[in-house]
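# Survey of secondary and tertiary structure
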Amino acid sequence: MNQDIILEVKDLSVSFYTDNRKNNAIRNVSFVAQRGKTLCIVGESGCGKSVSASAILRLLPELSRIENGEIKYYGREEPINIEKVDPDGDLIREIRGGEIAMIFQDPMTALNPVYTVGYQISEMLLEHNKDMKKDEAMKKSVELLSAMGIPQADQRVNEYPHQFSGGMRQRAMIAMAMSCNPKILLADEPTTALDVTVQAQIFELMDNLKKDYDAAIVLITHDMGVVTELADNVSVMYMGYVVEDGTVDEVLRTPAHPYTKALLASIPILGRGRNQKIEPIRGSTPDPFNRPPGCQFEPRCDYATEKCREAMPEREFISGEHNVRCYCYKEVLKDE
Amino acid sequence: MSETKTKLVEIKGAKTYFPIKKGVFRKTVGYVKAVDDITLDIYKGETLGLVGESGCGKTTLGKSILQLIRATDGVFNYNFDGEVKDLRELSRTELDEARQRIQIVFQDPHSSLNPSFTIFGSLEDPLKKFGVKTRAERREIIGNLLESVNMPKHYMDRYPHEFSGGQRQRIGIARALSVNPELIICDEPVSALDVSIQAQVLNLMMDLQKERGLTYVFITHDLSVVEYISDRIAVMYLGRIVELTDTEELFKNTLHPYTQALLSAIPVADLDHKKERIVLEGDVPSPVFPPPGCTFHPRCIHATEKCKTDAPKLINCGSDGMDHFVACHMVEEKFK
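Residues numbered from 1 in each chain as written. Chains lettered and ligands numbered in written order. Predicted model: local features only at pLDDT ≥ 70, side-chain atom pairs only at ≥ 80, totals over all residues. Heavy atoms only, no water.

### Regarding the side chain of Asn 81 of chain A
Residue and element names in this part refer to chain A. What counts is decided by this rule: Helix numbers and strand numbers start at the N terminus; a helix is a DSSP run of H or I with at least 4 residues, a strand a run of E with at least 2. Between buried and exposed lies partly exposed: a residue is buried under 20% and exposed over 50% of the maximum accessible area for its type, with that area taken using a 1.4 Å probe on protein chains only. The definition of a polar contact used here is a pair of N or O atoms within 3.5 Å, where within protein one atom must be able to donate a hydrogen and the other to accept one, and adjacent residues in sequence count solely through side-chain atom pairs. Pairs of residues are marked as contacts when any of their non-hydrogen atoms sit within 4.5 Å.
Turning to its location among the elements, Asn 81 is positioned in strand β5 (residues 80-81). Looking at Asn 81, the relative accessible area reads 18%, which means it is buried. Among the polar contacts made by the side chain of Asn 81, one reaches the side chain of Glu 83 at a distance of 3.0 Å. Beyond its immediate stretch of four places on either side in the chain, Asn 81 contacts Glu 70, Ile 71 and Lys 72.

Dropping the structure here:
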C-alpha cells in the first residue's frame, strides 16, 4: 500500500431517487487522493463530479443512497470506511471540517449572512478544539484571515459576509476550511464565480497550502486550463463514470479515451490565435433518465463499434496509474 | 477584414451613469460610472472583442449601443448605408428601424426565451413587426433560420424547456438573425454553456459571419474565446478602455500592465505553456468611487505619483502603422 494515499474511493455508486425514478448519479467511481498532491476531477455539468465530493463527506441529500463501493480514509491509525459511518454521528462530525474540509462553489450561499465572518471561523475552531477559549479562537481567526491576504483582518473579522467582495468571501471560506489543518481539502469549483485575476490569487493560496501543510487537494472543475496548471493527477468524468484517470502528463499528452481527446480538441487555447482549429463534440450529453445502453459516450463517439452499444467497458490499465474505460483505446492512442 | 474599412458605428465620449438614490425624496447621492468616456469605432464585417472582468461595464456598453440602456452622454453614430445618424437622437420609429440592423444575443439562454411560447411564437414577433404579413411565410422563414443554425425545421413547434443550453443559444442566434441585421451584439453567448458545446456555437457564429457578412461585438470575460473569434480586442477596466488593438498584436505585444496581468492569470490548457504569473493585489475598486487618476493605479506594480492624479488618455502607441491604443502613462512615455 502506498504510504502517501490518504483517501481511496473504490467502485463507488450513488443513486438519487426522485419522482419514482432512479438516477444513477455516479457508477463504480474509483480514484485516490495523495498527500501533497492535487487531484483534479474534470467533467461537464451533470457528470457527477460534485456528487463524488459530497459522498466523501456524507453530505448527500436525503433521497439518495450509496449503492456499493468503499470510501477509505487513511488519516488515522486505523483506516476508516466512511461509507459505513453514520452520516449524523459524532465520528463524521469530527472528520468533517477537522480532517476533511470542503470549499464550495458559491461563497455567498455557503456563508451564513447573519453571523460575522469571524464568528463563523471561530465556530469551526471551537468545535474541533474542545479546550480552546473563545478569544483565542477569535485571535486565530484574525491570523487566518491575514494569512489569506485580507487587509485589516482585525477589523474585517467583525464584518458580515455581505461586506466582503466575492474574492474575499472565497478567501474567508478557504480560511475556514484551513483553520483546523485538514489532511484533505475538497474544493468544488472554488473559482468558477470569480474573475480571473482573483482566481489566480486563490490558486496561489491553495498551492501554498499543499506545500506548507502537505494536504491532499481534490479540485473539482470543468476548466481544462485549471487542470493543466494545478493538477498532479486527473480523473475525467462523463455521465457518472470516471472514463479516464492518470497523471496530468499521461492524460493530457496521450489521452486514451475518445471523450478526453474530443474535449481537449474543442477548447480554444490562449496564444494560438485565430488559426487554431477547434472541433466541437457532436450532439449533447444524454438525459440521465434515458441513457445509452452501452458506453455512455457511444452516441457521440467517432470510434464507436457494435460492442460499445452493449455494455460500459471495464477499467483497463494502460501503464502504471493511467487507466481508461474504452474498448477502442488502442486505436485512440495510435491516432495521436 | 477588407482593406477599405468602413465605419459602421462611431462611439465618441460615451458615458453611461446609473444614479444611486437614497432617502424619502429619492435624492441622487452618487453615480455608478458603468461606462466612463469611451471612444470606439466598429468597422463593417469585423468582430470586435470586448473583454474585462465582471463590473467593468462591457455589457452596459453593448446595451448602450442598442439603446436598451440610454447613455448619459456621448455620441453613437451609426452608418445607415452611407447616411450617418446618432442613435441617441432617433425617434421611436427610427429606432425601431435601427434595431432591424442591430440585434443582440443574450448570455443566459434559459431566461432569454419565453417558456410559455413555442420557438415559432418567440421567433415570429420580430418578423411580424418588420413586415412579414402571412403566417405561412413566417413559418417558412423561421424553418430556414433554424436550418441555418443546424437544427431541424420541425423544432419550431417545441417549447424552450425541451432544448439543451447549446440548442437554446442557437435559437437565440436564429432570433437575432431573423431580421437580417448588420451588427449583432453578443453578450457572453457561450459563458453559460459546457465546454464541449461552446465550440459548436463559436464555429456556427463564425460560419454565419462568413455567409452573411455580419459584424459582431463579442462581449466576454474569457480571453481564449475572444482570441479565437475576434479581429480586434478592446480591454476594459472600470468603465474605460485601457487597451485596443488587433488580436494578434495584443497577444504578441501586450502593453498595458492590466492586460499583462489579465493574460498571465488565465490558466492555459497546454502543458508546454510556461509563463510568469503576475498576481494582482486586491480587488477591482467600486465603480461608485473609482480611484482618482488612472483607475488601475492601486493594483499596478508600475504606478507612480503621476498615475495617482492624472488619468491617462487612450493614445496610439503602435509601431509600423499598426493601430495600438493604450491608456497608460508609462507606455506613453516609453513610446515618446
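### So, helix α3 (residues 119-129) of chain B
Residues and elements named next belong to chain B. Of all 11 residues making up α3, 8 are buried, and the element is well covered by its neighbours. Ile 119, Phe 120, Gly 121, Ser 122, Leu 123, Glu 124, Pro 126 and Leu 127 are the residues of α3 that are buried. Those residues of α3 that are buried lie in contact with α4 (135-148) and α5 (165-177). Once α3 finishes, Gly 131 follows within two positions and takes phi at roughly 90°, a positive value.

### Some words on the layout of surface pockets
All names here are of chain A. Stated formally: Both cavities and pockets are sets of points on a 1 Å grid over the protein atoms alone; in a cavity a 1.4 Å probe fits but cannot get out, in a pocket the set is open with protein on both sides within 12 Å along at least five of seven lines, and lining residues sit with an atom within 4 Å of a point. Grid points are joined across faces, edges and corners, and a volume is the space filled by probe spheres set on the points. Residue type decides the class: Asp, Glu, Lys and Arg count as charged, Ala, Val, Leu, Ile, Met, Phe, Trp, Tyr, Cys and Pro as nonpolar, and the leftover types, Gly among them, as polar.
If you add up the space inside the second largest pocket, you get close to 600 Å³. Residue lining of the second largest pocket: 21 residues in total, with Arg 96, Gly 97, Phe 104, Met 124 and Met 176 positioned closest to the centre. Elements with a minimum of two residues in the lining of the second largest pocket: α2 (90-98), β6 (100-103), α4 (117-128) and α7 (166-178). The greatest single-element share of the lining of the second largest pocket, amounting to 5 residues, is contributed by α4. Broken down by class, the residue content of the lining of the second largest pocket amounts to 13 nonpolar, 4 polar and 4 charged.

### Thoughts on a nonpolar patch on the surface
What counts is decided by this rule: By definition, no residue in a patch forms a salt bridge, and every one has over 30% relative accessible area; like charges are joined within 9 Å, nonpolar side chains (Val, Leu, Ile, Met, Phe, Trp, Tyr) within 5 Å. Residue burial considers only the protein chains on display, and all accessible areas are found by Shrake-Rupley using a 1.4 Å probe. Think of a salt bridge as a Lys or Arg side-chain nitrogen and an Asp or Glu carboxyl oxygen that are within 4 Å of each other.
There is a patch of nonpolar side chains on the surface, built from Val 114, Tyr 115 and Tyr 119 of chain A and spanning about 300 Å² of accessible area. With respect to the helices and strands, the residue Tyr 119 of chain A is situated in helix α4.

### A few points about the nonpolar core
Side chains of a nonpolar character, in soluble globular proteins, are inclined to be buried together. Residue and element names in this part refer to chain A. Rules: What makes a nonpolar core is a set of buried Ala, Val, Leu, Ile, Met, Phe, Trp, Tyr and Cys residues whose side-chain atoms join them at distances within 4.5 Å.
Ile 121, Leu 145, Leu 185, Leu 219, Met 224, Val 234 and Tyr 259 are the most contacted members of the largest nonpolar core, which has 71 residues in total. Looking at this core element by element, the count peaks at 8 residues for α7. Every residue in contact with Leu 145, bar those within four places of it in the chain, is listed here: Val 117, Ile 121, Ile 150, Ala 153, Val 157, Ala 172 and Ala 175.

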